[in-house]
Number of protein chains: 2
Amino acid sequence: MNESHIVSSYDRDLEAVQALIMKMGGLVEESILNAAQCLVENDGDLATKVRRGDKAIDGLEERINEEAARMIALRQPMARDLRTVLSVIKISGNLERIGDYSKNIGKRTIALTEMPQIGSTAGSIRRMARSVEQMLKDALDAYIQRDVEMARDVWARDAEVDQMYTALFREFVTHMMEDPRNISACIHLHFIAKNIERMGDHVTSIAEQVIYLVSGEKPDEDRPKGDRSSLETFGQT
Amino acid sequence: MNESHIVSSYDRDLEAVQALIMKMGGLVEESILNAAQCLVENDGDLATKVRRGDKAIDGLEERINEEAARMIALRQPMARDLRTVLSVIKISGNLERIGDYSKNIGKRTIALTEMPQIGSTAGSIRRMARSVEQMLKDALDAYIQRDVEMARDVWARDAEVDQMYTALFREFVTHMMEDPRNISACIHLHFIAKNIERMGDHVTSIAEQVIYLVSGEKPDEDRPKGDRSSLETFGQT
């Protein structure tokens with residue numbers, strides 16, 4: 001009886017801290033979409049909002065870390081339970097980094113409002129951002145539901161983001177060669193694309209946490225579909 | 001009297017867990033250098049050694065996490081002390097990821113032993129790996145010494161790694177266009193270069209932890225020198 005009481009109160013704590021992760025995830029998803037939106041619409045006000053919004057994300061990470069530490073101190077979890085609590089700390093760390101990248105995109109966008117548009121690259125960046133946002137959503141759902149299949153699917157999809165990044169990189173190179181006046185804008189846009197690619201990396205890391213948590217195994221191979229993807233964008237010319 | 005006893009035993013615990021971080025860091029540094037070495041010398045045996053060595057690195061991460069959890073349970077650290085213990089968990093997580101990338105390089109190298117050499121790219125990859133290894137060494141020294149200046153220096157140097165990566169990317173594209181029989185080898189080498197670039201990202205993350213730990217601030221800007229680096233490798237043609 002006593003033990004089942006302890007277990008269920010541990011579960012309640014876990015649910016509460018996971019709810020905070022979902023709340024943080026929601027803010028981060030929003031920041032990704034807003035960052036892409038402000039880029040496409042050249043919207044400096046929205047960019048400022050994205051930058052300022054990062055404070056709330058950072059605050060949630062701190063709160064999640066404190067809750068996780070409180071759980072460790074109170075419940076002294078071992079083995080699998082400890083891995084679960086540590087996953088909370090790691091996932092909130094990943095989310096915090098993704099939020100940072102959104103903030104940086106906001107900053108770059110403010111600089112870009114003074115520069116020429118570079119073809120349809122802003123639209124391509126938005127598609128890339130939407131893919132990452134969808135992956136993040138699925139990774140967090142996989143986490144809450146402890147769904148390894150869904151996590152593996154997210155993990156595999158990162159290769160598509162890499163491919164979009166390489167295609168964009170190629171477009172920037174072309175625009176820079178065509179007209180040196182494009183160089184500054186291309187450099188900013190390239191960093192934005194690179195930030196989104198790195199967001200994808202952090203989402204993959206969340207997916208790996210889920211796989212590890214449920215199966216005790218770490219995905220061992222390089223990501224499967226990536227193998228022939230990103231350089232081929234160049235190779236096919 | 002009692003309080004100073006508690007403080008110093010907390011310090012002893014912290015020193016012990018930091019010693020484990022340094023040990024783990026040493027293994028990871030070695031794995032980076034060995035991975036690059038086996039690539040340059042086409043050494044399948046060393047590649048196998050790198051792959052197998054990753055188990056020890058993973059084992060250390062687990063031990064560090066358990067020690068950190070024990071410290072939290074025992075000492076119930078708050079605020080700054082809690083941040084310190086959490087940094088242990090985060091840094092060991094970064095080290096574990098870097099070790100994974102070394103392992104993947106080992107695997108790719110085994111596949112590459114059957115393929116044509118691609119110009120001097122293996123040598124360039126080794127230079128890139130050495131830079132990352134040196135950055136890691138400095139980041140861990142900065143961590144132990146709580147040296148913000150050194151950490152900021154590491155953080156800035158990641159841009160050089162990005163630049164090396166872009167220069168390599170360009171070389172691969174050229175080799176692939178010259179001769180389609182180079183494509184498979186170039187794709188493997190590209191992944192290796194990309195893995196090293198991502199190692200650099202994790203080293204940067206360790207440097208950020210140090211800055212945050214000592215100053216309470218997170219480095220806010222994109223990395224300073226990176227701004228005009230990587231695309232310019234292309235732009236200058």
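Below or above, wherever it landed, is the structure these notes cover. Quick caveat: nothing in here was measured; it's all calculated off a predicted structure.

### Some points on the overall build of chain A
A tally of helices and strands in chain A yields 7 helices and 0 strands. Overall, chain A shows an N-to-C arrangement of helices and strands of α-α-α-α-α-α-α. Counting every position in chain A, which comprises 237 residues, the buried fraction comes to 58%. Summarising the internal contacts of chain A: among those between residues at least 6 apart in sequence, 86% fall at separations of at least 24. Total accessible area on chain A stands at roughly 9,900 Å², and carbon and sulfur atoms take up 49% of it.

### Thoughts on the packing of aromatic side chains
Counted under the stated rule, the structure contains 3 aromatic pairs over all chains. In this structure, B:Arg83 is placed above the aromatic ring of B:Tyr212, and the distance from its NZ or CZ to the ring centre is 4.9 Å.

### Looking at helix 3 (residues 79–112) of chain B
If you check helix 3 of chain B, its first and last C-alpha atoms are 49 Å apart, about what 34 residues at 1.5 Å a residue would give, namely 50 Å. Counted residue by residue, helix 3 of chain B has 28 buried out of 34 residues, so it is predominantly covered.

### Some remarks on the side chain of A:Ser87
Residues and elements named next belong to chain A. Looking at where Ser87 falls in the secondary structure, it is placed in helix 3 (residues 79–112). When its relative accessible area of 0% is taken as the criterion, Ser87 is described as buried. Within the local environment of Ser87, its side chain forms a polar contact with the backbone oxygen of Thr84, the two atoms lying 2.6 Å apart. Looking at Ser87, its side chain comes within polar contact range of the side chain of Tyr143, at 3.3 Å.

### Notes on the environment of A:Val214
All names here are of chain A. Among the structural elements, Val214 can be located in helix 6 (residues 183–215). Judged by its relative accessible area of 28%, Val214 is partly exposed. For the pair formed by Val214 and Thr84, sequence separation is 130 residues and the distance between their alpha carbons is 9.4 Å.

### Digging into the packing of helix 3 of chain A against helix 2 (residues 44–75) of chain B
Their axes nearest at 11 Å, the elements helix 3 of chain A and helix 2 of chain B cross at an angle of 90°. Put simply, helix 3 of chain A runs roughly perpendicular to helix 2 of chain B. The segment helix 3 of chain A lies against helix 2 of chain B, with A:Leu82, A:Leu86 and A:Lys90 engaging B:Glu61, B:Asn65, B:Glu66 and B:Ala69. Along the lines of polarity and charge, the residues of the contact of helix 3 of chain A with helix 2 of chain B split into 3 nonpolar, 1 polar and 3 charged.

What counts and what doesn't
- Residues numbered from 1 in each chain as written.
- Chains lettered and ligands numbered in written order.
- Predicted model: local features only at pLDDT ≥ 70, side-chain atom pairs only at ≥ 80, totals over all residues.
- Heavy atoms only, no water.
- Helix = DSSP H or I, 4+ residues; strand = E, 2+ residues; numbered from the N terminus.
- Buried < 20%, exposed > 50% of the residue type's maximum accessible area, 1.4 Å probe, protein only.
- Contact = heavy atoms within 4.5 Å.
- Areas by Shrake-Rupley, 256 points an atom, 1.4 Å probe, with all protein chains shown as cover.
- Phe/Tyr/Trp six-rings, centres within 6.5 Å; stacked < 30°, edge-to-face > 60°.
- Lys NZ or Arg CZ within 6 Å of the ring centre and 35° of its normal.
- Expected span 1.5 Å × (residues − 1).
- Polar contact = N/O pair within 3.5 Å; in protein donor to acceptor, adjacent residues only side chain to side chain.
- Axes fitted to C-alpha atoms, helices over the stretch in contact; angles between N-to-C directions.
- Parallel < 35°, antiparallel > 145°, perpendicular 65-115°, else oblique.
- Nonpolar A, V, L, I, M, F, W, Y, C, P; charged D, E, K, R; others polar.

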